[in-house]
Amino acid sequence: MTIFWAVLISGVLSYVLSSMGDAEFVLKDTLILAGILSVAIFILGDGLLKDNKATE
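Owing to the predicted nature of the structure, the values given are computational and were not obtained by experimental measurement.

Observations regarding the overall build of the chain
Looking only at helices and strands, the chain has 2 helices and 0 strands in total. For the chain, with 56 residues in total, the buried portion stands at 14%. In the form shown here, the chain has an accessible surface area of approximately 4600 Å², with 72% of it arising from carbon and sulfur atoms.

Listed below in structure tokens is the structure:
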């Protein structure tokens, strides 16, 4: 589910920013951004945020 939402959010973000910058929409760049976003979510969700809840 995380990967689905990362692709959806990065697709919207890439489309809006490319439209505002008068550039073409590139799907490859969108998928790269989705991969980076997914990895960041997995690291935050499994590592950093879980450790904070255990210390409280």
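After that view, the rundown keeps rolling.
Re the side chain of S14
Along the chain, S14 falls in helix α1 (residues 2-20). By relative accessible area, which is 17% here, S14 ends up buried.

Here we look at the side chain of S18
Within the element layout of this structure, S18 appears in helix α1. The exposure class assigned to S18 is buried, which follows from its relative accessible area of 12%.

Some remarks on the packing of aromatic side chains
Applying the stated criterion across every chain yields a total of 2 aromatic pairs. Seen in terms of ring centroids, F4 and W5 are 5.6 Å apart; in terms of plane orientation they differ by 75 degrees. Their pairing is edge-to-face. The interplanar angle of 70 degrees and the centroid separation of 6.1 Å between the aromatic rings of Y15 and F25 together place this pair among those described as edge-to-face. A residue pair is termed long-range when its members are at least 10 positions apart, and Y15 in helix α1 and F25 in the loop between α1 and α2 (27-55) qualify at 10 residues. Looking at F25, the relative accessible area reads 37%, which means it is partly exposed.

Focus on unusual backbone geometry
Non-glycine residue D22 carries a positive phi angle of around 55 degrees. The residue D22 is located in the loop between α1 and α2 in this model.

Looking at α1
Under the 1.5 Å per step criterion, the end-to-end length of α1 is 27 Å for 19 residues, consistent within 8% with the ideal 27 Å. Regarding α1, the residues found buried are A6, S10, G11, S14 and S18. The arc that holds the buried residues of α1, viewed along the axis, is 130 degrees, so those residues lie on one side. In α1, the exposed positions angled more than 90 degrees off the buried face are occupied by V12, Y15 and M20. Phi turns positive one or two residues past the end of α1, at D22, with a value near 55 degrees.

Thresholds, definitions, all that
Counting from 1, residues in each chain are numbered in the order their sequence is written. Only residues with pLDDT of at least 70 are given local features in this predicted model, and only at 80 or more are side-chain atom pairs given and counted; all residues enter the totals for whole chains, interfaces and linings. Only hydrogens and water are set aside; all other atoms, that is, all heavy atoms of the structure, feed into the side-chain values. A run of H or I in DSSP counts as a helix once it spans at least four residues, and a run of E counts as a strand once it spans at least two, with each numbered from the N terminus. Note on classification: 1.4 Å probe, protein chains only; a residue is buried when its accessible area is under 20% of the maximum for its type, exposed when over 50%, partly exposed between these limits. Each accessible area value is a Shrake-Rupley result obtained with a 1.4 Å probe; residue values ignore everything except the protein chains displayed when judging cover. Each Phe, Tyr or Trp ring, with Trp reduced to its six-membered ring, pairs with another whose centre is within 6.5 Å; inter-plane angles below 30 degrees give stacked pairs, above 60 give edge-to-face pairs, and intermediate values give tilted ones. A helix is expected to span 1.5 Å for every residue after the first. It is the directions from the helix axis to the C-beta atoms that the arc portrays.

Keep in mind these values describe shape, not function.
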